[in-house]
Amino acid sequence: MSHRKVSVIMGGTSSERQVSLASGEAVLAALTEQGVDARAIVLGPGDDALSMLAGADMDAAFLALHGKLGEDGCVQGLLELLGIPYTGSNVLASALAMDKLKSKELFRLHNVPTPAYYVVDQASAEQLADVHGSFGFPVVVKPRREGSSIGVSRANNLMELREAVELALAFDSSVLVERFVQAREVAVGILDGRVLGAIEIAPKSGMYDFAAKYTPGMTDYFMPARLPAARYRNVLNLAERAAEALDTGGAVRVDLLVTESQNEYVLEVNTLPGMTPTSLLPKIAGAAGYHFSELCLAILDGAKVHSRKPERRLAADTLPATPAAFEAADEASAVVRRYGAARRSQRSRTA
Ligand SMILES: Nc1ncnc2c1ncn2[C@@H]1O[C@H](COP(=O)(O)OP(=O)(O)O)[C@@H](O)[C@H]1O
Ligand SMILES: [Mg+2]
């Protein structure tokens, strides 16, 4: 194990604080059991997170935070500034994945199917009716930057839409209205770019809400997801492409919907997924051969400071020669030629 002292960062100020504490305690116990010198840093409301992180004696941070100011790049940014290696995605990917609107824009850019949507920032009846237009019902309304199904609800008509938007606006100033997709739910686990498998989630109430997520017995799980091989592969591929679209790293969980009519949609990518032994990612990893504590060690192994320059350099002879097309006598080509030559000689000096 390359890291000596590890801090498991948990708690935070988001509405997922309790979930984070459960993840953090489970990770701390697993790392300790594996002989890692691990201790907890519990962040909370009013805490000076910068001083707490800067003052702690640690070689790496294992992030067990969920939600705003924990999963969204903020803590990751502090750790970058402090030069402390941390688990999970970098600042940009964390921020993008937390923002469901920006995620969906990138999914669309990368041809990853995601339910149709629009965005609202107020709940006045006339304006909602206007914006909604012919979008149709039912819809799912959700805060743009939340998790654990908090503030998520379904609306079947304009009156319910208004209530749902009001509820979501209690959690965020910006709200997503999505076309409801009648489908089965699947989650895919990815570890350091390697797809681990897909689990199927069947909430007994029909709604995968906060209670269904965290109350034992309220949801059935099928690992692997009950899909024919070709569809299973497609789901894995979509999840991988969704994670790539956001450039995430470390351990991620991608939430998808699969319909009877052979359509698949990506809902979101979670960059710090739940980490109790019964959470989805550990279940998926378990079927791929990772004991919970091995998964924790594997995640810890990927801890890094992303802004640090890679140590390895390209050998001078692996650099491409100037292509013939650039031999044209125009000024830009000359600039490119000079730049390439300068870089080659610089690299051969430092190689
Ligand atoms: N467009 C949709 N159609 C049907 N169900 C949805 C849709 N969007 C979300 N859901 C349901 O709500 C849950 C939470 O939505 P999700 O976008 O994953 O947000 P969260 O970050 O809260 O997990 C999903 O797991 C799913 O059960
Ligand atoms: Mg989700």
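To start, this report covers the structure provided alongside it. (Residues numbered from 1 in each chain as written. Chains lettered and ligands numbered in written order. Predicted model: local features only at pLDDT ≥ 70, side-chain atom pairs only at ≥ 80, totals over all residues.)

### Quick look at the packing of helix H1 (residues 17-33) against helix H11 (residues 292-301)
Part 1: It is at 9 Å that the axes of H1 and H11 come closest, and there the two elements cross at 90°. Taken together, the axis directions place H1 and H11 in an arrangement best described as roughly perpendicular. For the pair formed by H1 and H11, the contact residues are Val27, Ala30, Leu31 and Glu33 on the first element and Phe292, Ser293, Cys296 and Leu300 on the second.
Part 2: Among the residues making up the contact of H1 with H11, the classes are represented as six nonpolar, one polar and one charged. (Axes fitted to C-alpha atoms, helices over the stretch in contact; angles between N-to-C directions. Helix = DSSP H or I, 4+ residues; strand = E, 2+ residues; numbered from the N terminus. Parallel < 35°, antiparallel > 145°, perpendicular 65-115°, else oblique. Contact = placed C-beta atoms within 7 Å. Nonpolar A, V, L, I, M, F, W, Y, C, P; charged D, E, K, R; others polar.)

### Some words on helix H9 (residues 229-246)
Since there are 3.6 residues in each turn of an α-helix, residues three or four apart along the chain are aligned in direction.
Part 1: Its 18 residues place the ends of H9 26 Å apart at the C-alpha level, agreeing with the 26 Å of an ideal helix rising 1.5 Å per residue.
Part 2: Listed as buried for H9 are Val235, Leu236, Leu238, Ala239, Ala242, Ala243, Ala245 and Leu246.
Part 3: Contacts made by the buried residues of H9 are with helix H4 (91-98), helix H5 (100-109), strand S8 (184-191), strand S9 (194-203), strand S11 (251-258) and strand S12 (264-270).
Part 4: At the C-terminal side of H9, aspartate 247 shows a positive phi close to 60°. (Expected span 1.5 Å × (residues − 1). Buried ≥ 20, exposed ≤ 12 C-beta atoms within 10 Å, placed from the backbone.)

### Some points on the nonpolar core
Part 1: By size, the foremost hydrophobic cluster in this structure holds 74 residues, and its most contacted members are Ile9, Leu31, Phe62, Ala239, Val254 and Leu256.
Part 2: For this core, the element with the most residues is H9, which contributes eight residues.
Part 3: Apart from the residues lying within four places of it in its own chain, the contact partners of leucine 31 are Val6, Val8, Val36, Ala38, Phe62, Cys296 and Leu300.
Part 4: Counting residues in each nonpolar core, the second largest holds 10 residues, with Val141, Val165, Leu176 and Val177 among its members. (Core = buried A, V, L, I, M, F, W, Y, C linked by C-beta atoms within 7 Å.)

### Section: the sheet that holds S12
Part 1: In space, the five strands of this open sheet follow the order S10-S9-S8-S11-S12, with antiparallel pairing throughout. If you trace the sheet from one side to the other, it starts and ends with strand S10 (219-222) and S12, each paired once. Within this sheet the neighbouring strands show an average axis-to-axis angle of 25°, counted without direction.
Part 2: Inspection of the sheet shows S11 paired to S12 by six bridges, in the antiparallel sense. Bridge assignment links arginine 253 to a residue of S12, and that residue is asparagine 270.
Part 3: Sheet contacts for helix H10 (residues 280-287): S8, S9, S10 and S11; angle to S9, the most-contacted strand, approximately 125°. (Pairing = 2+ DSSP bridges.)

### A closer look at the packing of helix H6 (residues 125-132) against helix H7 (residues 158-169)
Part 1: It is the contact of H6 with H7, at a shortest axis distance of 10 Å, that shows an interaxial angle of 110°. The pairing of H6 with H7 is recorded here as roughly perpendicular in orientation. Contacts between H6 and H7 involve Ala125, Leu128, Ala129 and His132 from the former and Leu158, Leu161, Arg162 and Val165 from the latter.
Part 2: Partitioned by chemical class, the residues of the contact of H6 with H7 number six nonpolar, one polar and one charged.

### Side note on the site of ligand 1
Part 1: Among the 18 residues in the neighbourhood of ligand 1, the closest are listed as Pro115, Val140, Glu178, Val181 and Tyr208.
Part 2: Per-class residue counts for the shell around ligand 1 are eight nonpolar, three polar and seven charged.
Part 3: Lining the shell around ligand 1 are residues from two domains, each supplying at least three of them: domain 2 (116-179) and domain 3 (182-291). (Near = placed C-beta within 6 Å. Domains from an automatic or database assignment.)

### Some thoughts on the sheet that holds strand S5 (residues 139-143)
Part 1: Spatially, four strands are ordered S4-S7-S5-S6 in an open sheet, and the strand pairing comes out antiparallel. Only two strands of the sheet have a single neighbouring strand rather than two, namely strand S4 (117-120) and strand S6 (153-155). On average, adjacent strands in this sheet sit at an angle of 30° to one another, irrespective of strand direction.
Part 2: Sheet topology places S4 next to strand S7 (residues 175-179); four bridges connect them, and they run antiparallel. Note that in S7 the partner of valine 120 across the bridge is valine 175.

### Re the environment of alanine 22
Part 1: When you line up the elements, alanine 22 lands in helix H1.
Part 2: In this structure alanine 22 comes out as buried when scored by C-beta crowding, with 20 C-beta atoms within 10 Å.
Part 3: With 43 residues separating them in the primary sequence, alanine 22 and leucine 65 have C-alpha atoms 9.9 Å apart.

### A look at the pairing of S11
Part 1: Burial runs high along S11: seven of the eight residues are buried.
Part 2: Here S8 pairs with S11 via eight bridges, running antiparallel. Its bridge partner being in S11, valine 188 is matched across the sheet by valine 254.
Part 3: Taking the residues between adjacent antiparallel strands as the criterion, S11 and S12 are bridged by five residues, where glutamine 262 takes a positive phi near 70°.

### Digging into the environment of alanine 95
Part 1: When you line up the elements, alanine 95 lands in helix H4.
Part 2: The spatial distance from the C-alpha of alanine 95 to the C-alpha of glycine 70 is 9.9 Å, given a sequence separation of 25 residues.

### Some details on unusual backbone geometry
Part 1: Going from phenylalanine 137 to proline 138, the amide bond is cis rather than trans, its omega being -5°.
Part 2: Across the junction of methionine 223 and proline 224, the peptide omega takes the value 0°, indicating a cis bond.
Part 3: Of note, serine 148 is a non-glycine position whose phi angle comes to about 60°, a positive value.
Part 4: Of note, serine 148 is situated in the loop between S5 and S6.
Part 5: What makes serine 148 partly exposed here is the crowd of 19 C-beta atoms within 10 Å.
Part 6: In this structure, aspartate 247 takes a positive phi of about 60° despite not being glycine.
Part 7: Position of aspartate 247 relative to the elements: it lies in the loop between H9 and S11.

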